[in-house]
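Working through the structure, step by step
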Amino acid sequence: MFAHSFRFDHHQFQQRMRNAFEPRKPRHRLLRFAVGVIGLGLLALLVMFSVVIGTAMIVAGIVYKLWKRRGQPMAARDPRIVEGEYRVVDAARIERGDTTRPL
């Protein structure tokens with residue numbers, strides 16, 4: 001009897017497993033509608049929860065960066081200064097249009 005009770009190819013085991021992992025929709029229209037509304041509400045709740053958690057993580061990161069830089073002087077910003085890397089191209093090369101080659 002022990003060997004027969006744990007056989008996985010038995011019809012009753014397959015039926016129990018199928019019923020466990022394939023939930024059926026209710027047949028009544030109002031009950032089916034109610035289950036759908038509950039599902040949509042749960043989905044909306046999970047989305048809102050994840051948005052709140054994501055926003056909190058972003059805010060915490062910004063606060064951490066600002067807290068880490070506290071007490072350090074910020075560079076004075078002069079609107080007349082533009083930082084960048086420049087190279088001088090002579091006028092003859094501009095007229096010919098071959099400015100793509102390295103100098």
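See the structure above.
Criteria and cut-off values
- Within any chain, residue numbers begin from 1 and follow the written order of that chain's sequence.
- Owing to the predicted nature of the model, reporting of local features is limited to residues with pLDDT of at least 70; listing and counting of side-chain atom pairs is limited to 80 or more, with chain, interface and lining totals taken over all residues.
- Heavy atoms throughout the structure, all of them, feed into the side-chain values; hydrogens and water do not.
- The helix count covers DSSP runs of H or I at least four residues long, the strand count covers runs of E at least two residues long, and both are numbered beginning at the N terminus.
- To sort residues, take the accessible area from a 1.4 Å probe on protein chains only and compare it with the maximum for the residue type: under 20% means buried, over 50% means exposed, and anything in between is partly exposed.
- Accessibility throughout is a Shrake-Rupley quantity obtained with a 1.4 Å probe, and a residue counts as covered only by protein chains that appear here.
- In summary, the pairing rule links any two rings of Phe, Tyr or Trp, Trp by its six-membered ring, whose centres are within 6.5 Å, and it sorts them by plane angle into stacked for under 30 degrees, edge-to-face for over 60 and tilted for everything else.
- Two limits define a charge over a ring: the Lys NZ or Arg CZ must be within 6 Å of the ring centre, and within 35 degrees of the ring normal.
- Any residue with relative accessible area above 30% and no salt bridge may belong to a patch, with like charges joined within 9 Å and the nonpolar Val, Leu, Ile, Met, Phe, Trp and Tyr side chains within 5 Å.
- Salt bridge criterion: a side-chain nitrogen from Lys or Arg within 4 Å of a carboxyl oxygen from Asp or Glu.

Observations concerning the overall build of the protein
- Of regular secondary structure, the protein possesses four helices and zero strands.
- Overall, the protein shows an N-to-C arrangement of helices and strands of α-α-α-α.
- Counting across all 103 residues of the protein, residues that qualify as buried make up 2%.
- With an accessible surface of roughly 10800 Å², the protein has 66% of that area assigned to carbon and sulfur atoms.

Structural notes on the packing of aromatic side chains
- Counted under the stated rule, the structure contains zero aromatic pairs.
- When the ring centre of tryptophan 67 is taken as origin, the NZ or CZ atom of arginine 70, which lies over that ring, is 4.2 Å away.

Here's the deal with a nonpolar patch on the surface
- On the surface, a nonpolar cluster with roughly 490 Å² of combined accessible area is contributed by Leu40, Leu43, Val47, Met48 and Val51.
- Within the secondary structure, leucine 40 sits in helix 3 (residues 29-68).
- The exposure class of leucine 40 is exposed, given its relative accessible area of 60%.

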